[in-house]
Amino acid sequence: MEEIIIGDARQEDIPDLVHLLDELFSIEQDFTPDHVKQAQGLALLIANPSSARIKIARNEQGKVIGMVSAQLVISTAQGAPSAWVEDMVVSVKYRGKGIGKTLLESVLAWAKENGATRAQLLMDISNEPASGYYSHLGWQSTLLQARRVFL
């Protein structure tokens, strides 16, 4: 079995991360790949390690094959930081091997170490495999609905 290494993303990983986001955005209806914007966003996350983290999975050759990001926000409901989880994706060839679960556990451990008492994420409502996956891992649905506006 191939060894998979979990760690923190670095600036030099950004091109691989952008390609992983292409895979993710191809199944999400609300997002369109824009390599320049994705690279800028990833660079901002990596540059702010006290409030954000990107956990990555590498194969034995050192190629990034999975990622998940989290950012800390203040939750008035919790009276503490909360982790906003995004960009959860594992390359198709590596799915079903527990890599996604390990990535999530790693980023949630980081969030908890930094005071977070809750984590939340958004997912495309038509992505039934993702819905089942998160339910299987113990994530609960809420009655909240996401809205957006571009500034």
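Before any of the text, the structure's been laid out above.
Below: a short report on this structure.

What counts, and at which threshold
- Residues numbered from 1 in each chain as written.
- Predicted model: local features only at pLDDT ≥ 70, side-chain atom pairs only at ≥ 80, totals over all residues.
- Heavy atoms only, no water.
- Helix = DSSP H or I, 4+ residues; strand = E, 2+ residues; numbered from the N terminus.
- Buried < 20%, exposed > 50% of the residue type's maximum accessible area, 1.4 Å probe, protein only.
- Lys, Arg positive; Asp, Glu negative; His and termini not counted.
- Salt bridge = Lys/Arg side-chain N within 4 Å of Asp/Glu carboxyl O.
- Polar contact = N/O pair within 3.5 Å; in protein donor to acceptor, adjacent residues only side chain to side chain.
- Contact = heavy atoms within 4.5 Å.
- Core = buried A, V, L, I, M, F, W, Y, C linked by side-chain atoms within 4.5 Å.
- Pairing = 2+ DSSP bridges.
- Axes fitted to C-alpha atoms, helices over the stretch in contact; angles between N-to-C directions.
- Parallel < 35°, antiparallel > 145°, perpendicular 65-115°, else oblique.
- Left-handed = near helix turned anticlockwise from the far one by under 90°.
- Nonpolar A, V, L, I, M, F, W, Y, C, P; charged D, E, K, R; others polar.
- Phe/Tyr/Trp six-rings, centres within 6.5 Å; stacked < 30°, edge-to-face > 60°.

1. Topic: the side chain of Asp-124
Mapped onto the elements of the fold, Asp-124 is located in the loop between strand E5 (119-121) and helix H4 (128-136). Buried and without a salt bridge, Asp-124 has Arg-148 as its closest oppositely charged side chain, separated by 9.7 Å. Polar side-chain contacts of Asp-124 include one of 2.6 Å to the side chain of Ser-126. Apart from the residues within four sequence positions on either side, Asp-124 is in contact with Ile-27, Glu-28 and Gln-29.

2. Focus: the nonpolar core
Counting 20 residues, the largest nonpolar core has Val-68, Val-85, Ile-99, Leu-104 and Tyr-134 as its most contacted members. Mapped onto this core, the elements with two or more residues apiece are strand E3 (64-75), strand E4 (80-90), helix H3 (99-113) and H4. Looking at this core, the element that brings in the most residues is H3, giving six residues. Core analysis: the next-biggest nonpolar cluster, separate from the first, contains 17 residues, Ala-9, Ile-14, Ala-52 and Met-67 among them.

3. Some details on the pairing of strand E2 (residues 52-58)
Counting buried positions along E2 yields seven of seven residues, so the element is predominantly enclosed. Burial of E2 is two-sided: the residues Ala-52, Ile-54, Ile-56 and Arg-58 facing one way and the residues Arg-53, Lys-55 and Ala-57 facing the other way are all buried. Relative to E2, strand E1 (residues 5-8) runs antiparallel, the two sharing four bridges. In the sheet register, Asp-8 faces E2, and the bridge partner there is Lys-55. Hairpin connection from E2 to E3: five residues lie between these consecutive antiparallel strands, with Gly-62 at a positive phi of about 90 degrees.

4. Side note on the packing of helix H1 (residues 14-25) against helix H2 (residues 35-46)
Two numbers describe how H1 lies on H2: the axes approach to 10 Å, and their chain directions differ by 120 degrees. The angle between the axes of H1 and H2 places the two elements in the oblique class. In the crossing of H1 with H2, the sense of the turn from one axis to the other is right-handed. Note on element contacts: H2 touches H1 through His-35, Gln-38, Ala-39, Leu-42, Ala-43 and Ile-46, opposite Ile-14, Leu-17, Val-18, His-19, Leu-21, Asp-22 and Phe-25. For the contact of H1 with H2, the residue count by class is nine nonpolar, three polar and one charged.

5. Re the pairing of E4
Across the 11 residues of E4, eight count as buried, placing the element largely inside the fold. Bridge analysis of E3 against E4 gives nine bridges, and the strand direction is antiparallel. Counted as the bridge partner of Gly-66 is Val-90 from E4. In this structure, the hairpin formed by E3 and E4 is closed by a connection of four residues, where Gly-79 is found at a positive phi of approximately 65 degrees. Examined bridge by bridge, E4 and E5 share three bridges and lie parallel to one another.

6. Let's talk about the packing of aromatic side chains
Two numbers describe a pair of aromatic rings. These are the distance of the centres and the angle of the planes. Inspection of the entire model under this criterion finds three aromatic pairs. When the centroid spacing of 5.2 Å and the interplanar angle of 25 degrees are considered together, the rings of Phe-25 and Phe-31 count as stacked. Their ring planes at 65 degrees and their centres at 5.9 Å tell us that Tyr-134 and Trp-139 sit as a pair that is edge-to-face. The same class applies to Tyr-134 as to Trp-139, namely buried.

Read these as geometric descriptors, not functional statements.
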